[in-house]
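Close look at the chain arrangement
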Amino acid sequence: MSVTRRLSILFVCLLACACGGEDPAPKPGITTKPLPVVKPVPLEERAAFALQCLMRGPPRNSGLLEASKIHTWNLELATRDLTVLSPQTVALLDDDALIRKTVAGASSSADPWINVLRVLQNIPQVPPPLVLRWAAPALETGTRQDLGPLRLEAIRVLTTVPGEEAADLLYRFFEIEPQHRDVGAFSLKGLFEAEAWRARAVDLVLRRGGPTIWEQVHNRLGALVKPGSSDAGVADLTTWWSVLTDGSGPRLPAKLPRVKSAPWRPARLWLDPAVPRARDDDEDAPLRPAYGPVPSTVTRGAGWYATDLTEEAVFPAFGYTVTGKLPSADARCVLARWNYPTYTASVRHDLATEVGKERDGGLYFVALHCMLDPTADESGGAVKRKLRAILDAPADPSMAQSQEIQRLVQALPPAADDPEAFDILVRVVREVRPLDLYRLPIELAYDALEAKPDEQLALINSFLEGDDRASLGVALSLIQRARSTRHVPALEKLLAQSENDPRMQGVVQRLLIFIYSTGDAEPRVLADFVERLRGWLDKADDSKLAATVATLADFGEPGLAAYREGLLGPRRAAYLEGWPEQRIVPEQLAPAFIEPVGADTSAQEIMRILRVAYRGFPAEAAPYVVLLRRQAHPRYEKAVDVVLERVRHRAPGR
């Protein structure tokens, strides 16, 4: 290089220094070490990698994790990546050869097929023909004992597909196991969205469904039409369901068991006494059915029913009825809310009959819940009278009374428009005993006061200022429910008053952390609280710090900056241990995990970092994983390569 050129370069450098052109200070969270260049992986390759992991399991482990955990994480990560990369995933799954291969492999393991069906449920706007091609073969494959989960996932994904073909498949699945709780719930959901299939589905429930499926029919019927209006077809179906279920119970089709003897005979099941049975003490007696054939005519009790295909017995629904009165009452409630006068009168009769309350609490509470709807005529006065009567003469704690208070509170007129309703709600919060049974009624009453935030705040403050520990517990629970910084002044006062009570101080501190992390604090206030939180954390020992320090990440940029300082500080081990392995690591925090690593870093720390990176490093942080490979001892190269492969193939934005 010539002397003239050297002088020119020196002059330019001096000029840059004089003009303040020195190298800028490194940005927070950005490593000062040169980063290797990692070529991004195309999205199609990332989706293919995730699908391979979903179908075959993790490609490599190298001792990074125990087998059970690595397979669980692999499945979770692959499902998330395929959901994010939905266009590429749909293109990969639209392959007849892949479908045939997966279906054929179900004889040995149905897990890959189940995993694909779960992914299809998470992807929005999947082409319906693709869903049908993956779900339909589950109807004919295997038996319900060994492939029940597969069929259930097929039903769930079919409920996302409109059309006659999907409804036909749902009905055929429903016929296989009409009493299965999940099969019934998801099948009914899909069938009720197809108008032409509703009556067939309800008929199947009536003939062969168990009690849990019966209890879901009226919910589906009621959800089809908004209160105050009715659809003739739905109303007819609801009326039919109400009439046919009244006086008959859910029937349990089953092959009669063969046992040595029948030591008990439930009187409510009205078994045929004419069937011969073995005596309890006769060990040599031949095997005989414990339950006899059901009579074909109604002779001994309501609801007896017989078909050519199965023998059926009346099954008690939830233990408090042997009939279909409750499902019928639920259906009548739907019709009453649609303003059918006959059914309105019927439900009001149930409500007014105190004898019915004593004899059949279920019917009474169905009527109570139905007729005390806020839209019902003259409901406000009845609700307020009933609630005042309960508050004036409190009974012993019971689940029934708790449920009654809940429904009455929900039926009260809006507190903002009705001073009497407001006063009653305040009484519920103040006077109802704060036991576990009554926690929900208190919370519902507190929520109903939201229209008057000043009075709501004054009520909570009065609880905090008193000496009643039970009321204090209620107040703290309601503050947590509100998640509002308007309660902070009262909590700060309580914190100052509890200097000699470490347990109470811990409760209030945790509540303040919760409010600030999920509430509506301004950025400056939030940053100040993060500094205060760091002071609390610094006073904790390492084990307690590791258990609580993850809360810093809930406070946005100030919290992440504080966490980065902790990872680079003297208590790095506790901060490493405190980061949840299942949590996504923000890109600006990734360097703090890697920078301090050297050739003498312990194996425990290296493995902790690798597990966090495997589960949580985004694809954009892949260069830091390469940097880790360079800085750590060569013995960890294979494990780092496993993590690098996973991170590079992760879906973007994760």
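Residues numbered from 1 in each chain as written. Predicted model: local features only at pLDDT ≥ 70, side-chain atom pairs only at ≥ 80, totals over all residues. Heavy atoms only, no water.

**Details of the overall build of the protein chain**
Broken down by element type, the protein chain carries 33 helices and four strands. Contacts spanning at least 24 positions in sequence make up 69% of the contacts within the protein chain whose residues lie at least 6 apart. Roughly 33300 Å² of accessible area belongs to the protein chain as shown, and the carbon and sulfur atoms make up 54% of that amount. (Helix = DSSP H or I, 4+ residues; strand = E, 2+ residues; numbered from the N terminus. Contact = heavy atoms within 4.5 Å. Areas by Shrake-Rupley, 256 points an atom, 1.4 Å probe, with all protein chains shown as cover.)

**Comments concerning the packing of aromatic side chains**
Under the definition given, this model contains nine aromatic pairs. Their ring planes at 85° and their centres at 5.8 Å tell us that Phe529 and Trp536 sit as a pair that is edge-to-face. Exposure remark for Phe529: the relative accessible area of 3% places this residue in the buried category. Trp536 sits in the buried class, given a relative accessible area of 18%. Seen from their ring centres, Phe529 and Phe555 are 5.8 Å apart, and the 45° between their planes marks the pair as tilted. Here the residue Phe529 occupies a position in helix 26 (residues 523–538), and Phe555 occupies one in the loop between helix 27 (542–548) and helix 28 (556–567), the gap between them amounting to 26 residues. Both residues of the pair, Phe529 and Phe555, count as buried. (Phe/Tyr/Trp six-rings, centres within 6.5 Å; stacked < 30°, edge-to-face > 60°. Buried < 20%, exposed > 50% of the residue type's maximum accessible area, 1.4 Å probe, protein only.)

**Concerning the nonpolar core**
In a soluble, globular protein the nonpolar side chains are often hidden away together inside. Of all hydrophobic cores here, the largest spans 100 residues; its most connected members are Leu387, Leu464, Leu512, Leu552, Phe593, Phe617 and Leu628. With residues near it in sequence (within four places) discarded, Leu628 still touches Ile594, Val597, Ile606, Ile609, Leu610 and Val640. Formed by 61 residues, the second largest nonpolar core is a distinct cluster that contains Met55, Val116, Ala167 and Val202. (Core = buried A, V, L, I, M, F, W, Y, C linked by side-chain atoms within 4.5 Å.)

**Digging into helix 26**
Here helix 26 is 16 residues long and its end C-alpha atoms lie 23 Å apart, about the 22 Å a rise of 1.5 Å per residue gives. Restricting attention to buried positions, one finds in helix 26 the residues Leu526, Phe529, Val530, Leu533, Arg534, Trp536 and Leu537. For helix 26, the arc enclosing every buried residue in end-on projection is 155°, short of the 170-degree limit, so these residues lie on one face. Away from its buried face, by an angle of more than 90 degrees, helix 26 presents the exposed residues Arg524 and Glu531. In the core, the buried residues of helix 26 are packed alongside helix 24 (488–497), helix 25 (502–518), helix 27 and helix 28. (Expected span 1.5 Å × (residues − 1). Arc of directions from axis to C-beta.)

**Some words on the environment of Asp447**
Positionally, Asp447 belongs in helix 21 (residues 439–448). Counting along the chain gives 31 residues from Asp447 to Leu478, while the straight-line C-alpha distance between them is 9.1 Å.

**A look at the packing of helix 11 (residues 198–208) against helix 13 (residues 232–245)**
The N-to-C vectors of helix 11 and helix 13 enclose an angle of 10°; their axes lie 11 Å apart at closest approach. Here helix 11 lies roughly parallel to helix 13, going by the angle between them. For the pair helix 11 and helix 13, contact is made by Arg198, Ala199, Val202, Asp203, Val205 and Leu206 and by Val234, Leu237, Trp240, Trp241, Leu244 and Thr245, respectively. Here the residues of the contact of helix 11 with helix 13 are counted per class, giving nine nonpolar, one polar and two charged. (Axes fitted to C-alpha atoms, helices over the stretch in contact; angles between N-to-C directions. Parallel < 35°, antiparallel > 145°, perpendicular 65-115°, else oblique. Nonpolar A, V, L, I, M, F, W, Y, C, P; charged D, E, K, R; others polar.)

**Examining the packing of helix 32 (residues 622–631) against helix 33 (residues 637–648)**
At a closest axis distance of 9 Å, the pairing of helix 32 and helix 33 adopts a crossing angle of 175°. By the angle between their axes, helix 32 is roughly antiparallel relative to helix 33. Here helix 32 contributes Ala622, Val625, Val626, Leu628 and Arg629 to the contact with helix 33, which in turn contributes Glu637, Val640, Asp641, Val643, Leu644, Val647 and Arg648. Class assignment for the residues of the contact of helix 32 with helix 33 results in eight nonpolar, no polar and four charged.

None of the figures reported here should be taken as evidence of function without further support.
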